[in-house]
Amino acid sequence: MGTICCVSFSPTGTSKNVACQIARELEGEKTTVDLCEAPAKDIQFGRNDLCIFSVPCYGGRIPQTAAARLSRLHGDATAAIVCVTFGNRAFEDALLELADTVEAQGFAVFAGAAVAAEHTIMHIFGQGRPDAADREEIAAFARQAARKHCAGDSVRPALPGNRPYRAWHGGSTPILVKEATCNHCGLCAQRCPVDAISPDGSRTDAGQCIGCMRCIQQCPTASRSLPAEHVAALIARLGPACEGRKANAFYL
């Protein structure tokens, strides 16, 4: 086997962590591509490489920023595992969309996973996931995928979802900045995957923001947040669909 590459769009780190856990069960030299930064040039993978693509699910779809950046990656019938993480609700068309997207770029999907995670806005749902039990399931899946690949089985499994994919219904996310504690270090602007934040961190372009929560997670002074009423409204609207422990799904 050639290089094993973890390709992730992972603003809060969960999708990257899942990809890296899968990679740990596979033999070969490891490398990463972080799609939170736009690739400076096209990247080519060979027939002996293996790529693990991992992104979060936003409203039943993959982030369109990730889809656009995947167009800079090219395979040559390169083996691929696709993975989406979802906030303890449902992943709907996201896994199918991710598989279709990477196959259009020359990759050959032979395994897929949908992993439940703590919701990035409504943290009461899926809290602490992926947890130890989830990690055991992910490791077992990765070992099965490794055996399938070593056996030369490149058949794409049947993945759930619909074409055309569900309509995207994303809305603007109101990010608050607490001026009393913000030190204008600019870290949020540097880490924003879509350059939606002014260099001093004081303003966020609501039309450009994709609501990934990365700036809130990484603010060193906890000066960025969502309005409590916004979170409460989401819980009231989506809470019933997010309750309980949602199962992970694996496809081989």
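Our structure is the block above this text.
Residues numbered from 1 in each chain as written. Predicted model: local features only at pLDDT ≥ 70, side-chain atom pairs only at ≥ 80, totals over all residues. Heavy atoms only, no water.

S.K.: Give me unusual backbone geometry: which residues, what numbers.
M.R.: Residue P130 is bonded to the preceding R129 through a cis peptide linkage, with omega at 0°. With an omega of 0°, the peptide bond running from R163 to P164 counts as cis. Phi at M213 is positive, roughly 75°, even though this residue is not glycine. The topology assignment puts M213 in the loop between α5 (187-191) and α6 (214-218). (Helix = DSSP H or I, 4+ residues; strand = E, 2+ residues; numbered from the N terminus.)

S.K.: Give a detailed account of the side chain of K148, specifying residues and quantitative values.
M.R.: Of note, K148 is situated in helix α4 (residues 132-150). Here K148 occupies a buried position and makes no salt bridge, while the nearest side chain of opposite charge, D153, is found at 4.4 Å. K148 has contacts with F110, D153, V155, P157 and L252, leaving out every residue within four places of it along the chain. (Buried < 20%, exposed > 50% of the residue type's maximum accessible area, 1.4 Å probe, protein only. Lys, Arg positive; Asp, Glu negative; His and termini not counted. Salt bridge = Lys/Arg side-chain N within 4 Å of Asp/Glu carboxyl O. Contact = heavy atoms within 4.5 Å.)

S.K.: So what about the packing of aromatic side chains? Which residues, and what values?
M.R.: In total, this model carries four aromatic pairs according to the counting rule given. Note on F141 and F250: the rings are 5.1 Å apart at their centroids and 25° apart in plane angle, and the pair reads as stacked. Here F141 is found in helix α4, whereas its partner F250 is found in strand β10 (residues 249-251), with 109 residues between them in sequence. Overall, the relative accessible area of 1% leaves F141 in the buried class. By the ring-pair criterion, three or more aromatic residues cluster together here, those being F45, F53 and F107. (Phe/Tyr/Trp six-rings, centres within 6.5 Å; stacked < 30°, edge-to-face > 60°.)

S.K.: How would you explain the pattern of salt bridges if you had to name every residue and give the values?
M.R.: Two side chains carrying opposite charge are able to pair once their charged atoms lie near each other. If you walk through the whole model with that rule in mind, you get twelve salt bridges. A salt bridge links E25 to R143; its shortest N-O distance comes to 3.5 Å. In this pair, E25 sits in the loop between α1 (14-24) and β2 (30-34) while R143 sits in helix α4, placing the two residues 118 residues apart along the sequence. The exposure class of E25 is partly exposed, given its relative accessible area of 28%. Taking relative accessible area as the criterion, R143 reaches 37% and is therefore assigned partly exposed. Salt-bridge contacts for R245 lead to D131; the nearest nitrogen and oxygen are separated by 2.9 Å. Here R245, found in the loop between α7 (228-242) and β10, pairs with D131, found in the loop between β7 (107-116) and α4; they are 114 residues apart in sequence, far enough to count as distant. Each of D100, E103, R156 and R163 takes part in one network of salt bridges that share partners.

S.K.: Give a description of the pairing of strand β4 (residues 50-56) that names residues and reports values.
M.R.: Among the seven residues that make up β4, seven are buried, leaving the element largely enclosed by the rest of the structure. The side-chain alternation of β4 yields two buried faces, one formed by L50, I52, S54 and P56 and the other by C51, F53 and V55. Bridging between strand β1 (residues 4-8) and β4 involves five bridges; their strand directions are parallel. From the neighbouring strand, C6 faces β4, where its bridge partner is I52. Pairing analysis gives seven bridges linking β4 to strand β6 (residues 78-86), with the strands arranged parallel. When the bridges of β6 are listed, P56 appears paired with T85. (Pairing = 2+ DSSP bridges.)

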